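Understanding the architecture of this molecule
Okay, here's what each chain looks like letter by letter:
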Amino acid sequence: MIINGFFSRLPLKPASKINKIANYSRKVKSLMNTIKPIRSALISVYHKDHVDEIARKLNALGVTIYSTGGTYDFIRSLGIEAITVESLTSYPSIFGGRVKTLHPKVFGGILFRREEEEDLKQAAEFDIPPIDLVIVDLYPFEATVASGAEEEDIIEKIDIGGISLIRAAAKNYNDVIIVPSAAQYKDLIKLLDEKNGSSDLNDRYYFAAQAFNVSSHYDSAIFNYFNRKTDIKAFKQSLGKSEILRYGENPHQEGVFYGDLAEIFDQLHGKAISYNNLVDLEAALALIREFTEPTFVIIKHTNACGVASRPTLKQAWLDALAGDPISAFGGVVITNKIVDMETAGEVNKLFFEIIIAPEYENNALELLKSKKNRIILQIKPVDFQAKQFKSVLNGVIEQLKDTHTETVSDLQNVTDIHPDEQQVNDLLFANIIVKHLKSNAIVLAKNGQLLGAGCGMTSRVDALKHAISKAAEFGLDLNNAVMASDAFFPFADSVELAHKQGVTAVIQPGGSVRDEDSVNYCNQNGIAMVFTGYRHFKH
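Residues numbered from 1 in each chain as written. Predicted model: local features only at pLDDT ≥ 70, side-chain atom pairs only at ≥ 80, totals over all residues. Heavy atoms only, no water.

1. Some words on the overall build of the chain
- Broken down by element type, the chain carries 21 helices and 23 strands.
- For the chain, whose C-alpha radius of gyration is 33 Å, the value lies well above the compact-globule estimate of 24 Å for 539 residues.
- C-alpha atoms of the chain, sized along the principal axes, occupy 95 × 85 × 55 Å.
- Considering only intrachain contacts with a sequence separation of at least 6, the fraction spanning at least 24 residues in the chain is 56%.
- Accessible surface for the chain amounts to roughly 28,400 Å². Of this, 53% is attributable to carbon and sulfur atoms. (Helix = DSSP H or I, 4+ residues; strand = E, 2+ residues; numbered from the N terminus. Rg over C-alpha atoms; globule rule 2.2 N^0.38 Å. Contact = heavy atoms within 4.5 Å. Areas by Shrake-Rupley, 256 points an atom, 1.4 Å probe, with all protein chains shown as cover.)

Written as structure tokens, this is what we have:
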């Protein structure tokens, strides 16, 4: 009874907990069985930064190092023993260095399976030593293309041996570690320090995944270079850098930016840029690039709610803000000129998320920094790619960006009255803005200032009504204003409504089967109308 009582008081664990502990133990034991020491390494890299640290650590661990060409010379200059690949293969580097590592003794040493008896026999028969670690840094193909080099030089920067080594070592991740680029050097150094020259299967799998990321990116860059002349319809885009965002469009959505924002601007102040910020930045940059005069643009949810071009930047800001000071709250503001102290003093009165400019006077920058979270960006000279992409359904659609901006030569006078010089300037100004608004879109403008805009509407006349209401809300006079439409008017109703508000000139693409209705109304009421022949839908 005493013994039974003793056991009855033991804190027995539920079966589910016992099973979890047993499963965990099996996983640990299984992982321990995959631990393999690094006894030999092949190093063949283009960039030598941090290779000295790696080579010294491998040497201290007693690892046999094989190497090629300049990498071999670099390692030997450190006082570290290494074996040339030529000594291993009994073949020299040939064809101007195009063939160095492409040999069974190299690829056999990487690819043979250490647990396969037949592989082990063949490795012994052909005297193929195992290679446990491969470190590669590919020829800089993309950098060579970006430099404007001649095609002959670009072709020579297509790495053959390196990319083959990466794929071979990654395929045999069960036995081999692959370090596919300089970006992974720190990960390798950490592994060597923490695991004393050994790795487990999880380590090798991680490096293999990185390897295929590097190789697929490299191949995509080469394909896209060649496809400039062939125009094969295949979607292959690869962006090597990524940044995890706080969230996506809404807090419950995950978000990641793929690309390098540092190529476009320097962030001088403020919190991290969000998903929605990036979308607004795209819209802001696309619009401001259309102007050469001192101009301010205010963006809210990708649409312009304030635009003005003026002789001075301060006045451009004041008039842009006057277009819709309510919508401007919490928006994105951008200018194409240096922000001076006087302008900054006015801009600083508004709460906004982001300001972008090509430069800031020192005292103006310090003033704008007074808000802790305000994002301040300095734009760099940059050319954006000509194509744009969007994921839809189970695929991607691609198109050339809408880069056409109408000039005076595009304007076709279709009414008895032609626009005067001031009206032409305002028509072109309004047409630039409407091009960058979500369809259906209407812009009302005068004297280089956005007076009212309607966008994202399901009917064109509703877009006009919204634009009119905005101008009225902020006391902006529409007499002698102009109207721009992103697409043709299917009926004369929009022209009639605009005329009643004081609009005296209209710009539109034309192309409706009922264009004559709008033209006739203009002729009957003394309104100038021009066609451009270019529609600017934006969805």
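2. What to know about the side chain of serine 309
- In this structure, serine 309 sits in strand β12 (residues 303–309).
- Residue class for serine 309 comes out buried when judged on its relative accessible area of 7%.
- Within the structure, the side chain of serine 309 is placed 2.7 Å from the side chain of threonine 295, a separation counted as a polar contact. (Buried < 20%, exposed > 50% of the residue type's maximum accessible area, 1.4 Å probe, protein only. Polar contact = N/O pair within 3.5 Å; in protein donor to acceptor, adjacent residues only side chain to side chain.)

3. Examining the sheet that holds strand β4 (residues 83–84)
- In space, the 5 strands of this open sheet follow the order β4-β3-β2-β5-β6, with parallel pairing throughout. With partners counted over all chains shown, the strands left at the sheet margins are β4 and β6 (177–179), one partner each.
- Sheet topology places strand β2 (residues 40–45) next to strand β5 (residues 133–137); 5 bridges connect them, and they run parallel. Considered in β5, the bridge of isoleucine 43 is made with isoleucine 135.
- Along the sheet, helix α11 (residues 185–195) contacts β2, β5 and β6; its crossing angle with β5, the most-contacted strand, is approximately 155 degrees. (Pairing = 2+ DSSP bridges. Axes fitted to C-alpha atoms, helices over the stretch in contact; angles between N-to-C directions.)

4. A closer look at the packing of α11 against helix α12 (residues 201–230)
- Running from N to C, α11 and α12 cross one another at 175 degrees; their axes reach a closest spacing of 12 Å. When the axes of α11 and α12 are compared, the pair comes out roughly antiparallel. In this structure, α11 uses Asp187, Leu188, Leu191 and Lys195 to contact α12, whose residues at the interface are Asp203, Tyr206 and Phe207.
- Residue composition of the contact of α11 with α12, by class: 4 nonpolar, no polar and 3 charged. (Parallel < 35°, antiparallel > 145°, perpendicular 65-115°, else oblique. Nonpolar A, V, L, I, M, F, W, Y, C, P; charged D, E, K, R; others polar.)

5. A look at the pattern of salt bridges
- Within the structure shown, the criterion is met by 29 salt bridges.
- Put simply, lysine 314 and glutamate 342 hold a salt bridge, and the shortest N to O gap is 3.2 Å. One end of the pair, lysine 314, is in helix α14 (residues 313–322); the other, glutamate 342, is in helix α16 (residues 341–347), and 28 residues separate them in sequence.
- Of the residues examined, lysine 314 reaches a relative accessible area of 25% and is grouped as partly exposed.
- According to the relative accessible area criterion, glutamate 342 is exposed, its value standing at 52%. (Salt bridge = Lys/Arg side-chain N within 4 Å of Asp/Glu carboxyl O.)

6. As for the packing of aromatic side chains
- Per the counting criterion, the structure on display carries 10 aromatic pairs.
- Ring centres of tyrosine 225 and phenylalanine 226 lie 5.7 Å apart, and the angle between their planes is 85 degrees; on these two criteria the pair is classed as edge-to-face.
- The class of tyrosine 225 is buried, set by a relative accessible area of 8%.
- Assessed through its relative accessible area of 42%, phenylalanine 226 is described here as partly exposed.
- An aromatic cluster of at least three residues, connected via ring pairs, comprises Phe141, Tyr218, Tyr225 and Phe226. (Phe/Tyr/Trp six-rings, centres within 6.5 Å; stacked < 30°, edge-to-face > 60°.)

7. Some points on helix α19 (residues 460–473)
- The first and last C-alpha atoms of α19 sit 20 Å apart over 14 residues, in line with the 20 Å expected at 1.5 Å per residue.
- Burial in α19 covers these residues: Arg460, Val461, Ala463, Leu464, Ala467, Ile468, Lys470 and Ala471.
- Tucked into the core, α19 has its buried residues touching α15 (325–328), β19 (442–446), β20 (449–454), β21 (482–485) and α20 (493–500).
- Within two residues after α19, glycine 475 carries a phi angle of roughly 65 degrees, on the positive side. (Expected span 1.5 Å × (residues − 1).)

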